[in-house]
Amino acid sequence: MRIVPFGAAREVTGSCHLLLAEGRRVLLDCGMFQGREEEKNHAPFGFDPQAVDAVVLTHAHLDHVGRLPKLFREGYRGPVYATQATFLLMQIILQDALKVMETPFFEEEDVEEALRHVRLLEFGEWLRLGDLTLTFGQAGHLPGSAFVVVQGEGKTLVYSGDLGNRQKTVLPDPSLPPRADLILCEGTYGDRPHRSFAATVQEFLEILERTLGQGGKVFIPSFAVERAQEILFLLFLLYENGHRLPEAPIYLDSPMAERVLDLYPRLVRYFSEEVQAYFLAGKNPFRPRGLRVVESVEESKALNREPGPMVIIAGSGMLTGGRILHHLKHGLSDPKNTLVFVGYQPRGGLGAEIIQRPERIRLLGQEIPLRASVHTLGGFSGHAGQDELLDWLHGQPRVILVHGEEEALLALGKLLALRGQEVGLARLGEGVEV
C-alpha cells in the first residue's frame, strides 16, 4: 500500500492524495489550490485521471473538492463517494466557485458530470473496492465531514481529512481513529492550541454589548459554509439563554451562506445532540431573533446608509472579495463600530494588515482611516488545535503530516517525536509506503 500527495504538502490548500493498493488507484480528496497557489489549478494533476478507480471525499470545503470537476473534464468517469451532507454542500460550493473564478479551469457541465457520479457512503458503512475496504469516521469539521479508514494488503491507513475543534458545540466531536500502520494527518494548527471557547464566547458577548449599546455596527467577515451559521447559532443561544443584548437586527449578507442556511434543516442528523434537540423541539437554532437575510445588492448597499445598531455577517471570510469589503469601506472610519475576525487571516492579506492597526488602510481603491475597534477571536476556528491533534494521534506508531504551513507541521512533528512516534512531513508527488 502506497500513498502519494498531490496537494496540501506543507501548505493548507489543494488536498489530493492518490492511494495505490490491491491493484486499485483511489483518490482521497480532490481539492482546489487557493490564495497565492491558485495558478496550480491550471496545471496537470501529476497522474492520469482516467486511470483512477474511485474518488473518496472527506468533506465539502473547496480546498478538498474544488478540482473534482477538472478531474471529470480530463476524462475521469468513476464513482465519487461522500456522505449525503458533503454531497449537498458541495453542490452549493462548486456552483458558487464557478461564478467567482476569474480564470475558470472547469465549466458548469463538468460540475454536473461530477455530481452525477456521487455515491453516498455514511459513517460506519464499509465500501469494498476489490480486495480494498474503506469506511468513514466522524471528523467533526463540517456537517458530514469524515476521516477515511482504509484496509488492504494486511495494512491499515487512516487519512484525517480536516479534524474539527472539539470545544465547539454545533457538530459532534471527532471520533478516535483505529490503530493504524500509518496516519496521514492534517496539522493546520500544529503549532498552537486554541483559546478556550468559553472565553471566546464571553469576549464576543462583551463586544456585542458595547458596540450595539453605543449604536454601532458589528462587522463579521465570515466563510459562507459553517462559520456564518455557527455565528448565527451562537447569537441564537445568547438570546435563548436570556442574555439581554441591545435590540438590533442581524443581517446575513451572503447569498451562498443563505443557501447553506436553507439546507441545514435537511442535515439535522449530522449535527450535535444539542442542535438536534432544538430542531426536534420545533426551533431552528440557526435563525436567531432579529435575523434578516439580505437578498439583493441594492439592499446590501442600503445597509451602509442606515445607522446602527446592527450586526452584519458577510463574505468573504478572508477579505479577498465579497460584500464585506463595501461595508468596511463605509464603516471602518467610525469609532462606534467594531470589526470581528472569526476566521484565519493569511499573512500578506488585508485582514492581517488591519489586525496590525495602521492609521489608514487602502480598501477598494480608497484610503480609509481605521478608527473602528478590531478584534480577533481565534477560538472560533473549525480545525483541531495542537492539543487536540496530539490527543487524536495518541498511541499511533507512524504519522505523516499534511495540510499545514511548514512551521506548524514541524512544531507538531517535534512533539510527536518526543513521545516516541515516527513522524514525517509529506512531500508533493513523493510516495510513502504504508
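Residues numbered from 1 in each chain as written. Predicted model: local features only at pLDDT ≥ 70, side-chain atom pairs only at ≥ 80, totals over all residues. Heavy atoms only, no water.

With that settled, consider unusual backbone geometry. Residue P309 is reached from G308 by a cis peptide bond, and omega for that bond is 5°. Here D29, not a glycine, exhibits a phi torsion of approximately 70°, which is positive. Along the chain, D29 falls in the loop between β3 (24-28) and β4 (54-56). D29 gets classed as buried once you look at its relative accessible area, which sits at 0%. In this structure, R357 is a non-glycine residue whose phi angle is positive, near 55°. (Helix = DSSP H or I, 4+ residues; strand = E, 2+ residues; numbered from the N terminus. Buried < 20%, exposed > 50% of the residue type's maximum accessible area, 1.4 Å probe, protein only.)

On to the nonpolar core, then. Formed by 113 residues in total, the largest nonpolar core has its most connected members in L68 and I313. By residue number, the principal contributor to this core is helix α6 (residues 227-240), which donates 10 residues. Taken together, domain 1 (2-192 + 382-433) and domain 2 (197-380) each give at least three residues to this core, which thus spans both. Once you skip the residues sitting within four places of it in the chain, L68 turns out to touch C30, V55, L57, V80, M90 and A114. Within the second largest apolar cluster, 22 residues are counted, among which are M310, A314, L363 and A372. (Core = buried A, V, L, I, M, F, W, Y, C linked by side-chain atoms within 4.5 Å. Domains from an automatic or database assignment. Contact = heavy atoms within 4.5 Å.)

The subject of this paragraph is the environment of L208. As for its position among the elements, L208 is in helix α5 (residues 197-213). Residues L208 and L325, spaced 117 residues apart in sequence, show a C-alpha to C-alpha distance of 21 Å.

As annotated in UniProt, the feature "domain: Metallo-beta-lactamase" (unreviewed entry) corresponds to residues 13-216 in the numbering used here. This span, residues 13-216, is 26% helix and 23% strand, and a straight line between its end C-alpha atoms measures 36 Å. (UniProt positions renumbered as here; feature names shortened; annotations may be inferred.)

One open sheet accounts for 6 strands, arranged β14-β13-β15-β12-β16-β19; its pairing is parallel. Each having just a single partner strand, β14 (291-293) and β19 (373-376) make up the two edges of the open sheet. Ignoring which end each strand starts from, the neighbouring axes of this sheet average 20° apart. Its contacts with the sheet put helix α7 (residues 255-263) on β13 (250-253) and β14, and the angle it makes with β13 is roughly 105°. Taken strand by strand, helix α10 (residues 324-331) contacts β12 (217-221), β13, β15 (310-314) and β16 (338-341), and its axis lies near 145° from that of β12. (Pairing = 2+ DSSP bridges. Axes fitted to C-alpha atoms, helices over the stretch in contact; angles between N-to-C directions.)

Glancing now at the pattern of salt bridges. Under the counting rule described, the total for this entry stands at 25 salt bridges. We note a salt bridge from D391 to R166, for which the minimum N-O separation is 2.6 Å. Separated by 225 residues along the polypeptide, D391 in helix α12 (residues 386-392) and R166 in the loop between β10 (155-159) and β11 (182-186) bring together distant segments of the chain. Overall, D391 belongs to the partly exposed group, its relative accessible area being 39%. (Salt bridge = Lys/Arg side-chain N within 4 Å of Asp/Glu carboxyl O.)

Of all 5 residues in β11, 5 are buried; the element is thus mostly enclosed. Covered by surrounding structure in β11 are L182, L184 and E186 together with I183 and C185, the residues of both alternating faces. Here 3 bridges tie β10 to β11, and the two strands are oriented parallel to one another. Across the sheet, the residue bridging to Y159 is L184, located in β11.

With 5 of 5 residues buried, strand β20 (residues 398-402) lies mostly within the body of the structure. Burial along β20 is two-sided: R398, I400 and V402 and V399 and L401, pointing in opposite directions, are all buried. Relative to β20, β11 runs parallel, the two being bridged by 4 bridges. What sits directly across from C185, in β20, is L401. Note: β20 against strand β21 (residues 422-425), 4 bridges, orientation parallel. Along β21, the bridge assignment pairs V399 with V423. Handedness of the crossover joining β20 and β21 through helix α13 (residues 406-418) is recorded here as right-handed. (Right-handed = clockwise from strand over helix to strand, strands pointing away.)

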